[in-house]
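Here is how the chains run, residue by residue.
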Amino acid sequence: MTQDGAGEEFGTDRDGRPVHRHRLHAPGISAHVLTYGGVLQSLEVADAAGESGNVVLGLDTMGDYLTRSRFFGAVVGRYGNRIAGASFTLDGKEYRLPSNHGRNSLHGGPAGFHDRVWRVVGAAGDRIALAYRSPDGEAGYPGALDVTLCYTVSAARTHTDLCIDYRAVTDAPTHVNLTNHSYFNLRGQGDIHRHRLLLAADAYHPVDGELLPVSDTAAPVTGTPFDFTVPRSLGDALARSHPQLAVAGGLDHCFVLGGRPGTLRSVAALWEPETERSMEMLTTEPGVQLYSGNRLTDVVHGPRSGLCLETQHFPDSPNRPAFPSTVLRPGQEYRSRTVYRFRADGGRVAADSVRRAEPWQ
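Residues numbered from 1 in each chain as written. Predicted model: local features only at pLDDT ≥ 70, side-chain atom pairs only at ≥ 80, totals over all residues. Heavy atoms only, no water.

(A) Highlighting the side chain of serine 134. Topologically, serine 134 is positioned in strand 12 (residues 127-134). The exposure class of serine 134 is buried, given its relative accessible area of 1%. Of the polar contacts made by the side chain of serine 134, one reaches the side chain of arginine 78; its length is 3.0 Å. A polar atom in the side chain of serine 134 sits 2.4 Å from the side chain of glutamate 138. Excluding residues that lie within four positions of it along the chain, serine 134 makes contacts with Arg78, Phe113, Gly143, Ala144 and Leu145. (Helix = DSSP H or I, 4+ residues; strand = E, 2+ residues; numbered from the N terminus. Buried < 20%, exposed > 50% of the residue type's maximum accessible area, 1.4 Å probe, protein only. Polar contact = N/O pair within 3.5 Å; in protein donor to acceptor, adjacent residues only side chain to side chain. Contact = heavy atoms within 4.5 Å.)

(B) Here's a closer look at empty space enclosed by the protein. Using the criterion set out here, one finds 1 cavity of 30 Å³ or more in the structure. Residue composition of the lining of the largest cavity, by class: 4 nonpolar, 4 polar and 2 charged. (1 Å grid on protein atoms, 1.4 Å probe; cavity = no way out; pocket = protein on both sides within 12 Å on 5 of 7 lines; lining within 4 Å. Points joined across faces, edges and corners; volume = space filled by probe spheres on them. Nonpolar A, V, L, I, M, F, W, Y, C, P; charged D, E, K, R; others polar.)

(C) Inspection of the sheet that holds strand 22 (residues 252-256) at higher detail. Across the sheet, 6 strands lie side by side as 17-26-25-22-19-20; this open sheet has antiparallel pairing. Sheet topology places strand 17 (183-184) and strand 20 (219-220) at the edges, where each strand pairs with a single neighbour. The sheet contact formed by strand 22 and strand 25 (residues 287-291) spans 5 bridges and is antiparallel. Bridge pairing in strand 25 links aspartate 252 to tyrosine 291. (Pairing = 2+ DSSP bridges.)

(D) View of the pattern of salt bridges. Counted under the stated rule, the structure contains 23 salt bridges. Close ionic contact of arginine 116 with glutamate 138 constitutes a salt bridge, the shortest N to O distance being 3.1 Å. In this pair, arginine 116 sits in the loop between strand 10 (105-106) and strand 11 (119-124) while glutamate 138 sits in the loop between strand 12 and strand 13 (145-155), placing the two residues 22 residues apart along the sequence. Comparing arginine 116 with glutamate 138 shows no difference in burial state: the two are buried. A salt bridge links glutamate 280 to arginine 343; the shortest N-O distance between them is 3.1 Å. Of this pair, glutamate 280 sits in strand 24 (residues 278-283) while arginine 343 sits in strand 28 (residues 334-343), and the two are 63 residues apart along the sequence. Overlapping salt bridges, with partners in common, bring together Asp13, Asp15 and Arg17 in one network. (Salt bridge = Lys/Arg side-chain N within 4 Å of Asp/Glu carboxyl O.)

(E) Structural view of the nonpolar core. In terms of nonpolar packing, the biggest core is built from 59 residues, with Leu43, Tyr151, Leu199, Phe228, Phe255, Leu290 and Phe342 touching the most fellow members. The element contributing the most residues to this core is strand 13, with 5 residues. Within the second largest apolar cluster, 15 residues are counted, among which are Leu59, Met62, Tyr291 and Leu296. (Core = buried A, V, L, I, M, F, W, Y, C linked by side-chain atoms within 4.5 Å.)

(F) Representation of helix 4 (residues 348-356). Taken together, the buried positions of helix 4 are occupied by Ala350, Ala351, Ser353 and Val354. For helix 4, the arc enclosing every buried residue in end-on projection is 155°, short of the 170-degree limit, so these residues lie on one face. Facing away from the buried side of helix 4 by more than 90 degrees, the exposed set consists of Arg348 and Arg356. In this fold, the buried residues of helix 4 make contact with strand 18 (196-199), strand 23 (265-271), strand 24 and strand 28. (Arc of directions from axis to C-beta.)

(G) Representation of the sheet that holds strand 21 (residues 232-233) within the structure. Strand order across the open sheet formed by 9 strands is 11-12-13-14-28-24-23-18-21, with antiparallel pairing between neighbours. Looking along the sheet, the strands with just one partner apiece sit at the ends: strand 11 and strand 21. In terms of strand pairing, strand 13 meets strand 14 (residues 160-170) through 11 bridges, oriented antiparallel. Residue leucine 149 lies in a different strand from strand 14, and its bridge partner there is tyrosine 166. Running at roughly 150° to strand 23, helix 4 makes contact with strand 18, strand 23, strand 24 and strand 28 of the sheet. (Axes fitted to C-alpha atoms, helices over the stretch in contact; angles between N-to-C directions.)

(H) Local environment of the layout of surface pockets. Size it by volume and the largest pocket reaches roughly 560 Å³. Counting residues per element, the ones that place at least two in the lining of the largest pocket are helix 1 (62-67) and strand 25. Ranked by the residues each element gives to the lining of the largest pocket, the list is headed by helix 1, at 3 residues. Grouping the amino acids of the lining of the largest pocket by side-chain chemistry returns 12 nonpolar, 10 polar and 8 charged. Considering only enclosed or pocket space, the second largest pocket measures out at about 390 Å³ in volume. What lines the second largest pocket is a set of 19 residues, among which Tyr166, Thr284, Arg335, Ser336 and Arg337 lie closest to the centre. Per-class residue counts for the lining of the second largest pocket are 9 nonpolar, 5 polar and 5 charged.

(I) Structural view of the environment of glutamine 312. The residue glutamine 312 is located in strand 26 (residues 307-312) in this model. Each C-alpha atom of the pair glutamine 312 and glutamate 9 lies 31 Å from the other, and the pair is 303 residues apart in sequence. Among all residues touching glutamine 312, those that are not within four sequence positions of it are Gly80, Asn81, Asn177, Thr179, Glu285, Pro286, Gly287, Val288 and Gln289. Separated by 2.8 Å, the side chains of glutamine 312 and asparagine 81 make a polar contact. Here the side chain of glutamine 312 touches glutamate 310 through a polar contact of 3.2 Å, landing on its backbone oxygen.

Shown next, in the form of structure tokens:
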């Protein structure tokens with residue numbers, strides 16, 4: 001990759017820093033990425049008729065991202081998801097974080113990585129690398145954290161891919177849990193009720209009224225609307241009566257993914273019957289937050305007009321020793337990869353790929 005590639009001017013952030021937009025492209029796939037928040041603004045892939053269309057929710061102006069965004073397409077950190085009481089204790093010392101979801105911290109707080117201008121450190125036609133240095137004490141977190149984010153688009157004979165790579169190092173012990181907060185709609189418009197989903201997840205974490213896990217033990221999905229071990233429509237799941245759907249206002253839960261965390265494996269397939277677009281998801285992460293866009297009520301896009309599949313560690317891990325650790329220490333490197341793979345096959349190949357992946361049942 002080159003060290004140039006300024007992209008086109010897109011506006012300025014709330015402090016007047018310039019924000020640029022970069023276009024990535026490969027045969028059959030293209031994307032726009034903002035230096036603000038590492039936002040994936042658009043992602044265009046073909047449907048069964050060969051027509052290209054945008055499959056992620058985005059906003060048109062910088063002003064909209066500053067005032068109307070629900071983390072659309074952004075990279076969230078230092079900690080994606082919720083931390084109870086906006087605090088944690090690490091190596092015997094308590095750290096207080098800004099609260100922005102009741103008494104809790106959500107997605108790194110009100111000025112997390114989604115609200116920062118990232119620096120371009122490499123750009124080419126099919127990829128861009130962005131970097132951000134989070135200083136010691138930013139948003140209450142210990143240690144200076146250096147993060148690199150890389151988006152890559154690519155094409156193969158049978159599919160097109162968007163790959164997201166994250167790397168980070170720190171100079172003091174801290175917690176890190178990065179994810180991308182894109183809302184997918186494979187039809188490109190309307191709601192996501194007809195989308196069908198397959199998840200390699202036998203268990204999920206029930207939540208309380210603050211959307212925090214009720215215990216350290218995941219619950220089996222069998223016999224519940226959370227059972228996506230066989231393909232089912234989002235509309236069918238959301239229409240069911242279940243206390244957990246009532247608590248969250250729909251789907252907003254972390255699922256425990258099968259296979260070995262740390263290895264890239266196929267864990268999900270999503271497809272839409274009208275366009276026959278399908279999306280297979282591969283990740284190195286242990287979990288995925290499935291969010292059905294329940295609170296998209298005061299922005300450009302309506303309720304349930306997009307579906308998030310946020311690959312990550314489990315919510316509130318800094319306060320739950322039983323969960324996989326999110327601690328990063330000096331001398332270690334945080335690494336995470338997620339791939340979104342697109343076809344126009346009505347979900348057949350994507351579903352088979354998940355079923356053929358490393359055993360998870």
